[in-house]
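Next come the chains, spelled out residue by residue.
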Amino acid sequence: GENVEQHPSTLSVQEGDSAVIKCTYSDSASNYFPWYKQELGKGPQLIIDIRSNVGEKKDQRIAVTLNKTAKHFSLHITETQPEDSAVYFCAATVYNFNKFYFGSGTKLNVKP
Amino acid sequence: DAGITQSPRHKVTETGTPVTLRCHQTENHRYMYWYRQDPGHGLRLIHYSYGVKDTDKGEVSDGYSVSRSKTEDFLLTLESATSSQTSVYFCAITGATNQPQHFGDGTRLSIL
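Note that this is a predicted model, so its numbers are computed, not measured.

Undergrad: Go over the overall build of chain B with me, naming the residues and quoting the values.
TA: Regarding its fold elements, chain B presents zero helices and eleven strands. When the helices and strands of chain B are read in sequence order from the N terminus, they spell out β-β-β-β-β-β-β-β-β-β-β. In summary, chain B has a C-alpha radius of gyration of 13 Å against a globular reference of 13 Å for 112 residues, a match within 12%. Taken along its principal axes, the extent of the C-alpha atoms in chain B is 35 × 30 × 25 Å. Across the 112 residues of chain B, 50% fall into the buried class. Across chain B, every contact between residues at least 6 apart in sequence was considered, and the portion connecting residues at least 24 apart equals 55%. Only carbon and sulfur atoms are counted for the fraction: they give 45% of the accessible area of chain B, which is about 5,200 Å².

Structure representation (C-alpha coordinates):
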(Lines give C-alpha, C1' and ligand atoms only; values in the text may rest on other atoms or scores of the structure.)
Protein backbone atom coordinates (compact mmCIF):
# COMPACT_ATOMS: atom_id res chain seq x y z
CA GLY A 1 0.00 0.00 0.00
CA GLU A 2 0.85 3.68 -0.04
CA ASN A 3 3.38 5.08 2.45
CA VAL A 4 3.33 8.79 3.29
CA GLU A 5 6.20 10.35 5.21
CA GLN A 6 5.96 13.83 6.68
CA HIS A 7 8.69 16.17 7.92
CA PRO A 8 9.43 17.85 10.22
CA SER A 9 7.53 16.44 13.18
CA THR A 10 7.75 19.80 14.97
CA LEU A 11 8.32 23.27 13.58
CA SER A 12 8.70 26.52 15.49
CA VAL A 13 8.66 29.87 13.66
CA GLN A 14 8.40 33.51 14.57
CA GLU A 15 5.17 35.30 13.78
CA GLY A 16 5.36 36.72 10.26
CA ASP A 17 7.85 34.13 9.03
CA SER A 18 7.04 31.39 6.53
CA ALA A 19 6.57 27.72 7.37
CA VAL A 20 7.09 24.75 5.04
CA ILE A 21 5.99 21.17 5.69
CA LYS A 22 7.02 18.40 3.32
CA CYS A 23 5.54 15.01 2.50
CA THR A 24 6.69 12.19 0.27
CA TYR A 25 4.60 9.32 -1.05
CA SER A 26 5.49 5.96 -2.50
CA ASP A 27 2.67 5.02 -4.89
CA SER A 28 3.02 6.79 -8.24
CA ALA A 29 -0.70 6.14 -8.85
CA SER A 30 -1.69 8.53 -6.03
CA ASN A 31 -3.48 11.48 -7.55
CA TYR A 32 -5.21 13.41 -4.74
CA PHE A 33 -3.39 15.13 -1.88
CA PRO A 34 -5.32 16.94 0.87
CA TRP A 35 -3.85 18.86 3.81
CA TYR A 36 -5.54 19.06 7.19
CA LYS A 37 -5.17 21.31 10.22
CA GLN A 38 -6.01 19.93 13.64
CA GLU A 39 -6.53 22.19 16.61
CA LEU A 40 -6.47 20.92 20.16
CA GLY A 41 -9.53 18.84 21.01
CA LYS A 42 -10.90 18.96 17.47
CA GLY A 43 -10.97 16.75 14.44
CA PRO A 44 -8.76 17.52 11.42
CA GLN A 45 -10.13 20.19 9.10
CA LEU A 46 -9.29 20.42 5.40
CA ILE A 47 -7.29 23.55 4.58
CA ILE A 48 -6.21 22.94 1.00
CA ASP A 49 -5.91 20.08 -1.49
CA ILE A 50 -4.27 19.43 -4.84
CA ARG A 51 -4.78 16.94 -7.64
CA SER A 52 -2.07 15.36 -9.73
CA ASN A 53 -2.88 17.38 -12.85
CA VAL A 54 -1.89 20.60 -11.03
CA GLY A 55 1.58 21.64 -9.85
CA GLU A 56 0.62 24.38 -7.43
CA LYS A 57 -2.45 25.76 -5.72
CA LYS A 58 -2.84 28.86 -3.55
CA ASP A 59 -5.46 30.08 -1.12
CA GLN A 60 -4.53 33.39 0.50
CA ARG A 61 -1.55 32.66 2.81
CA ILE A 62 -1.54 28.92 2.12
CA ALA A 63 -0.10 27.16 -0.90
CA VAL A 64 0.60 23.56 -1.83
CA THR A 65 3.10 22.39 -4.43
CA LEU A 66 3.30 18.94 -6.02
CA ASN A 67 6.25 17.30 -7.74
CA LYS A 68 4.96 14.07 -9.29
CA THR A 69 8.36 13.03 -10.62
CA ALA A 70 9.95 13.18 -7.19
CA LYS A 71 6.73 12.05 -5.48
CA HIS A 72 6.62 14.81 -2.93
CA PHE A 73 4.29 17.65 -2.05
CA SER A 74 4.66 20.55 0.34
CA LEU A 75 2.52 22.97 2.33
CA HIS A 76 3.64 26.57 2.48
CA ILE A 77 2.23 29.06 4.97
CA THR A 78 3.33 32.67 4.57
CA GLU A 79 3.06 35.51 7.10
CA THR A 80 2.37 33.06 9.90
CA GLN A 81 0.10 34.11 12.75
CA PRO A 82 -0.30 32.64 16.26
CA GLU A 83 -3.65 31.14 15.19
CA ASP A 84 -1.77 29.01 12.65
CA SER A 85 -0.37 27.03 15.60
CA ALA A 86 -1.79 23.51 15.26
CA VAL A 87 -0.94 20.03 14.01
CA TYR A 88 -0.90 19.66 10.24
CA PHE A 89 -1.40 16.38 8.36
CA CYS A 90 -0.80 15.54 4.74
CA ALA A 91 -2.58 12.67 3.00
CA ALA A 92 -2.54 10.84 -0.31
CA THR A 93 -5.01 8.64 -2.11
CA VAL A 94 -5.79 7.15 -5.49
CA TYR A 95 -9.11 7.98 -7.10
CA ASN A 96 -11.50 5.02 -6.91
CA PHE A 97 -9.36 3.49 -4.21
CA ASN A 98 -11.18 3.62 -0.91
CA LYS A 99 -8.36 4.43 1.51
CA PHE A 100 -6.60 7.66 2.43
CA TYR A 101 -3.04 7.47 3.73
CA PHE A 102 -1.89 10.06 6.25
CA GLY A 103 1.48 11.41 7.26
CA SER A 104 2.39 11.34 10.94
CA GLY A 105 1.74 15.04 11.46
CA THR A 106 3.69 18.27 12.05
CA LYS A 107 3.17 20.34 15.16
CA LEU A 108 3.56 23.99 14.15
CA ASN A 109 4.21 26.58 16.85
CA VAL A 110 4.06 30.23 15.84
CA LYS A 111 5.68 32.45 18.45
CA PRO A 112 4.26 35.94 18.84
CA ASP B 1 -19.32 22.17 8.71
CA ALA B 2 -20.15 18.65 7.60
CA GLY B 3 -22.85 17.04 9.75
CA ILE B 4 -20.91 14.43 11.69
CA THR B 5 -21.63 13.54 15.28
CA GLN B 6 -19.57 11.13 17.33
CA SER B 7 -20.86 9.66 20.57
CA PRO B 8 -19.88 9.43 23.26
CA ARG B 9 -17.24 12.19 23.27
CA HIS B 10 -15.48 10.72 26.29
CA LYS B 11 -15.57 7.28 27.85
CA VAL B 12 -13.68 5.51 30.60
CA THR B 13 -14.11 1.79 30.94
CA GLU B 14 -12.37 -1.30 32.25
CA THR B 15 -10.33 -3.94 30.49
CA GLY B 16 -12.47 -6.77 29.14
CA THR B 17 -15.68 -4.80 28.75
CA PRO B 18 -17.37 -4.28 25.38
CA VAL B 19 -17.45 -0.75 23.99
CA THR B 20 -19.38 0.69 21.05
CA LEU B 21 -18.68 4.06 19.49
CA ARG B 22 -21.17 5.68 17.16
CA CYS B 23 -20.68 7.92 14.16
CA HIS B 24 -23.76 9.62 12.76
CA GLN B 25 -23.79 11.71 9.55
CA THR B 26 -26.45 13.87 7.96
CA GLU B 27 -24.64 14.33 4.60
CA ASN B 28 -25.81 11.09 2.94
CA HIS B 29 -22.17 10.35 2.08
CA ARG B 30 -21.27 6.90 0.81
CA TYR B 31 -17.92 6.45 2.55
CA MET B 32 -17.35 6.36 6.30
CA TYR B 33 -14.11 5.68 8.16
CA TRP B 34 -12.87 4.97 11.66
CA TYR B 35 -9.37 6.10 12.64
CA ARG B 36 -7.43 6.04 15.85
CA GLN B 37 -4.94 8.77 16.71
CA ASP B 38 -2.00 8.14 18.99
CA PRO B 39 1.08 10.30 19.64
CA GLY B 40 3.73 9.74 16.97
CA HIS B 41 1.44 7.67 14.75
CA GLY B 42 -0.83 10.20 13.12
CA LEU B 43 -4.14 8.81 11.94
CA ARG B 44 -4.35 5.07 11.46
CA LEU B 45 -7.27 3.47 9.65
CA ILE B 46 -9.20 0.84 11.62
CA HIS B 47 -12.12 0.01 9.32
CA TYR B 48 -14.06 1.75 6.62
CA SER B 49 -17.37 1.41 4.82
CA TYR B 50 -18.14 2.03 1.17
CA GLY B 51 -21.89 1.48 1.47
CA VAL B 52 -24.59 -0.02 3.64
CA LYS B 53 -23.37 -3.40 4.89
CA ASP B 54 -20.15 -2.97 2.87
CA THR B 55 -17.10 -2.71 5.10
CA ASP B 56 -13.41 -3.52 4.93
CA LYS B 57 -10.39 -3.62 7.18
CA GLY B 58 -7.77 -0.95 7.62
CA GLU B 59 -4.21 -1.26 8.87
CA VAL B 60 -5.05 -1.67 12.58
CA SER B 61 -8.29 -3.69 12.56
CA ASP B 62 -7.38 -6.41 15.08
CA GLY B 63 -9.68 -6.26 18.11
CA TYR B 64 -12.25 -4.07 16.37
CA SER B 65 -15.43 -4.76 14.43
CA VAL B 66 -17.80 -2.42 12.61
CA SER B 67 -21.34 -2.36 11.33
CA ARG B 68 -23.26 -0.14 8.97
CA SER B 69 -26.94 -1.01 8.76
CA LYS B 70 -27.99 2.36 7.34
CA THR B 71 -26.26 5.14 5.44
CA GLU B 72 -26.10 7.58 8.32
CA ASP B 73 -24.64 5.37 11.06
CA PHE B 74 -21.30 3.60 11.36
CA LEU B 75 -20.60 1.75 14.60
CA LEU B 76 -17.20 0.73 15.93
CA THR B 77 -17.14 -2.06 18.53
CA LEU B 78 -14.37 -3.21 20.80
CA GLU B 79 -15.58 -6.68 21.78
CA SER B 80 -13.26 -6.94 24.79
CA ALA B 81 -11.42 -3.70 25.41
CA THR B 82 -7.68 -3.75 26.20
CA SER B 83 -5.45 -0.98 27.56
CA SER B 84 -3.69 -0.77 24.16
CA GLN B 85 -6.97 0.49 22.70
CA THR B 86 -6.83 3.63 24.81
CA SER B 87 -6.80 6.33 22.15
CA VAL B 88 -8.70 9.12 20.47
CA TYR B 89 -11.04 7.77 17.80
CA PHE B 90 -12.14 9.81 14.81
CA CYS B 91 -14.87 9.16 12.32
CA ALA B 92 -14.61 10.62 8.82
CA ILE B 93 -16.92 10.76 5.82
CA THR B 94 -16.63 11.55 2.14
CA GLY B 95 -18.90 11.38 -0.84
CA ALA B 96 -16.18 10.19 -3.20
CA THR B 97 -12.58 9.08 -2.82
CA ASN B 98 -11.24 12.00 -4.84
CA GLN B 99 -12.90 14.41 -2.44
CA PRO B 100 -11.67 15.44 1.01
CA GLN B 101 -12.74 13.62 4.11
CA HIS B 102 -14.63 15.48 6.80
CA PHE B 103 -13.91 14.51 10.38
CA GLY B 104 -15.94 14.39 13.55
CA ASP B 105 -14.56 15.89 16.78
CA GLY B 106 -13.43 12.55 18.14
CA THR B 107 -14.08 10.21 21.04
CA ARG B 108 -11.50 10.03 23.80
CA LEU B 109 -11.51 6.46 25.10
CA SER B 110 -9.61 5.40 28.20
CA ILE B 111 -9.39 1.73 29.15
CA LEU B 112 -8.15 1.08 32.65
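Undergrad: Just give me the short version of the nonpolar core, but keep the residues and values in it.
TA: Most often, soluble globular proteins have nonpolar side chains that are buried together. The biggest cluster of nonpolar side chains holds 22 residues, and the ones touching the most others in it are Val4, Phe33, Trp35, Phe73, Leu75, Tyr88 and Leu108 of chain A. Only strand S3 (19-25), strand S4 (32-38), strand S5 (45-51), strand S7 (62-67), strand S8 (72-77), strand S9 (86-92) and strand S11 (106-111) of chain A provide two or more residues apiece to this core. If near-sequence neighbours (up to four positions away) are discounted, valine 4 of chain A is found in contact with Cys23, Thr24, Tyr25, Cys90, Ala92, Tyr101, Phe102 and Gly103 of chain A. Counting 19 residues, the second largest nonpolar core, distinct from the first, contains Cys23, Tyr64, Leu78 and Cys91 of chain B.

Undergrad: Please set out the pairing of strand S4 (residues 31-38) of chain B residue by residue, giving values where relevant.
TA: Residue and element names in this part refer to chain B. Most of S4 sits inside the fold, with eight of its eight residues counted as buried. Burial along S4 is two-sided: Tyr31, Tyr33, Tyr35 and Gln37 facing one way and Met32, Trp34, Arg36 and Asp38 facing the other are all buried. The pairing of S4 with strand S9 (residues 87-94) spans seven bridges and is classified as antiparallel. Within S9, the residue paired with tyrosine 35 across the bridge is phenylalanine 90. Sheet topology places S4 next to strand S5 (residues 42-51); seven bridges connect them, and they run antiparallel. Looking at the pairing, tryptophan 34 lines up with histidine 47 of S5. Counted along the chain from S4 to the antiparallel partner S5, the turn is three residues long, and its residue glycine 40 has a positive phi close to 85°.

Undergrad: A description of the interface of chain A and chain B should follow, citing residues and the corresponding values.
TA: Every contact between the two is made by 23 residues of chain A and, on the other side, 23 residues of chain B. For the chain A and chain B pair, buried surface summed over both sides reaches about 1,800 Å², with 54% attributable to carbon and sulfur atoms. Ranking the residues of chain A by area buried against chain B places Asn98, Phe100 and Phe102 of chain A at the top, with a combined share of 31%. For the interface between chain A and chain B, the tally reads zero salt bridges. The interface formed by chain A and chain B holds three residue pairs in polar contact (both at pLDDT 80 or more) in total. At the level of secondary structure, the elements contributing two or more residues to the side of chain A that touches chain B comprise S4 and S5 of chain A. The leading source of residues in the side of chain A that touches chain B is S5 of chain A, at four residues.

The rules behind these values
Residues numbered from 1 in each chain as written. Chains lettered and ligands numbered in written order. Predicted model: local features only at pLDDT ≥ 70, side-chain atom pairs only at ≥ 80, totals over all residues. Heavy atoms only, no water. Helix = DSSP H or I, 4+ residues; strand = E, 2+ residues; numbered from the N terminus. Rg over C-alpha atoms; globule rule 2.2 N^0.38 Å. Buried < 20%, exposed > 50% of the residue type's maximum accessible area, 1.4 Å probe, protein only. Contact = heavy atoms within 4.5 Å. Areas by Shrake-Rupley, 256 points an atom, 1.4 Å probe, with all protein chains shown as cover. Core = buried A, V, L, I, M, F, W, Y, C linked by side-chain atoms within 4.5 Å. Pairing = 2+ DSSP bridges. Buried area = accessible area lost by both parts, 1.4 Å probe. Salt bridge = Lys/Arg side-chain N within 4 Å of Asp/Glu carboxyl O. Polar contact = N/O pair within 3.5 Å; in protein donor to acceptor, adjacent residues only side chain to side chain.

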